[in-house]
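Analysis of the macromolecular model
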Amino acid sequence: MDKLRITGGTELHGSLDISGAKNSALKLMAASLLTAHPVTLTNMPNLADTRFLSQLLSVLGVEVYWPNGTNECRLNAETLSSTIAPYDQVRKMRASFNVLGPMLARYGHATVSLPGGCAIGARPVDLHLKALSAMGADLLVEGGYVKAAAIHGLKSARIVFPFVSVGATEHAMLAATLAKGTTILENAAQEPEIADLATCLNKMGADVSGAGTSTVTINGVESLSGAQHAVMPDRIEAGTFAMAAAAAGGDVTLQGVPVASLLALNDALLEAGVEVDADIEASTLRIRRGQTPLRAVNINTQPYPGFPTDLQAQFMALMALAKGTSIIRETIFENRFMHAPELSRLGADIAVRGQEAVINGVSQLYGAEVMATDLRASVSLVIAGLAASGVTDVNRIYHLDRGFERLEEKLTACGANIVRLDGAEG
Ligand code: UD1
């Protein structure tokens, strides 16, 4: 199994480009199932997760043209050979579940495996199912599969989500594009990736408005056409690199950043004493930190526009080095502190109490062998390793490859000392 070896203690200097957003790309790929015409996605991040979903789409009969190493992917779902998404293809990645709604909306039936348990929490799909059921789907959960049928097509509904769910909002939006009548989603998630999905759907001929606010209105249409769409840049990748620069010190400019979507992080970084120059027009974020010590900052993860759960682990790595005590509350997932004991191996002083982590900042972290447990947790270990003195080996980096494109290459270009060792050496 590959590992990353980081020799820490070097400042980061330079500039790096932000890739397309994984969390947007996956839902855009699912949208291709809604139409018999090709959907071309540019700025596609080359990641294990996006490649994995393209395999599932192939299994369903979608013609996927995505040459290795490129960032343009053409998906043609002219005819599907199957509307059954098998367990093996869905259990590994939760976003795969979102193929259910589009197939159901277009074909009137679909069978999709329930997504497996996930390391960061229970992550049920009840809200997804309630939304589809409100749109007239007959659902049967049997043998680990959701069997869905809507023989006469889906119909419109007014769906009020009891709490904010990104996945359920996107799923309902996808399905409603081909439902009869006007569907209204209330208490919808407002993440920028939802607005990106709506933009692409509208290019395909859908009629979606309000995406990115808490009320989304979808006027169903008969059929959708193809489209070309550039995946929005990855705010989580940008935020991660911002924190890497803040932790290691130096002067890094991130290019192609969806700056307006990172305000919660920018505020927290400024409060921590990091110099942040955000240029919305130029889509750049410049992060600087010299010898000034970091200050402790408390955060609560929240749905957008609050502090993203996907940046919580990285912020913890940063706070491990701050002067004072910070408290991080994770409100989205019940088990998303698995990085805490690994960060402690590097010398961090972190106590987890239920949904809260209390971090007493230390003046120095020291390299050690650590293990990645999930995608964002893994990259928090990379950040800590970059700031630590000595050598940090991060094991199980397949998690990282799920969501970060050319991570070592990008960091190395900014002066980081980070190499991938293949399994034989590790
Ligand atoms: C969530 C994050 C998203 C992040 C992604 C990957 C939020 C609001 N969502 O999206 O930003 O990119 O994880 O880390 O921050 N839930 C149910 N029933 C459902 C669906 C969800 O109880 O049917 C619960 C979840 O367990 C969770 C909360 O609702 O506690 C929010 O989940 P949701 O937004 O749906 O998760 P993702 O779409 O995976």
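Here the structure is shown first, and the text comes after it.
What you see is a predicted model; the values in this text were computed from it and never measured. (Residues numbered from 1 in each chain as written. Predicted model: local features only at pLDDT ≥ 70, side-chain atom pairs only at ≥ 80, totals over all residues. Heavy atoms only, no water.)

1. Considering the packing of aromatic side chains
For clarity, the threshold we go by: By convention, a stacked pair of Phe, Tyr or Trp rings (six-membered ring in the case of Trp) has centres within 6.5 Å and planes under 30 degrees apart, an edge-to-face pair has planes over 60 apart, and any other such pair is tilted. Both a distance and an angle decide whether a charge sits over a ring: NZ of Lys or CZ of Arg must be within 6 Å of the ring centre and within 35 degrees of the ring normal.
Applying the stated criterion to the full structure yields one aromatic pair. Against the face of Trp-66 rests Arg-51, its NZ or CZ located 3.7 Å from the ring centre.

2. Here's the deal with helix α4 (residues 100–107)
Going by this rule: Accessibility here uses a 1.4 Å probe with only protein chains present; expressed as a share of the type maximum, an area under 20% marks a residue as buried, one over 50% as exposed, and anything in between as partly exposed. Put simply, DSSP marks the helices as runs of H or I at least four residues long and the strands as runs of E at least two long, and each gets a number from the N terminus on. The criterion used for residue contact is that any of the two residues' heavy atoms lie within 4.5 Å.
Burial analysis of α4 places six of its eight residues in the buried class, the great majority of the element. Looking only at α4, the buried set comprises Leu-100, Gly-101, Pro-102, Met-103, Leu-104 and Ala-105. Buried residues along α4 sit in contact with α1 (22–31), α2 (48–60), β7 (109–113), α5 (126–134), β9 (145–149) and α6 (166–176). A positive phi of about 85° marks Gly-108, the residue just after α4.

3. Comments concerning α6
We apply this condition: Pairing of N or O atoms within 3.5 Å defines a polar contact, subject to two protein rules: one partner must be a possible hydrogen donor and the other a possible acceptor, and residues neighboring in sequence count only if both atoms are side-chain atoms.
Of all 11 residues making up α6, 10 are buried, and the element is well covered by its neighbours. Turning to α6, its buried residues are Gly-167, Ala-168, Thr-169, Glu-170, His-171, Ala-172, Met-173, Leu-174, Ala-175 and Ala-176. Measuring from the side-chain oxygen of the N-cap residue of α6 to the backbone nitrogen of Ala-168 gives 3.0 Å; that N-cap residue is Ser-165.

4. A look at the sheet that holds strand β11 (residues 182–186)
Under the convention used in this document: Whether two strands pair comes down to DSSP finding at least two bridges between them. Axes, fitted as lines to C-alpha atoms, cover a helix only where it is in contact. Angles between the N-to-C directions of the axes lie from 0 to 180 degrees.
An order of β10-β11-β13-β12 is seen for the four strands of this open sheet, with the pairing classed as mixed. Each of the sheet's edge strands pairs with one partner strand only, and the pair in question is β10 (158–160) and β12 (207–209). Adjacent strand axes in the sheet meet at a mean angle of 10° when their direction is disregarded. Where β10 lies against β11, three bridges are found, and the strand directions are parallel. Bridged to Arg-158 within β11 is Ile-184. Together, β11, β12 and β13 (215–219) form the strand contacts of α6, whose direction differs from that of β11 by roughly 175°.

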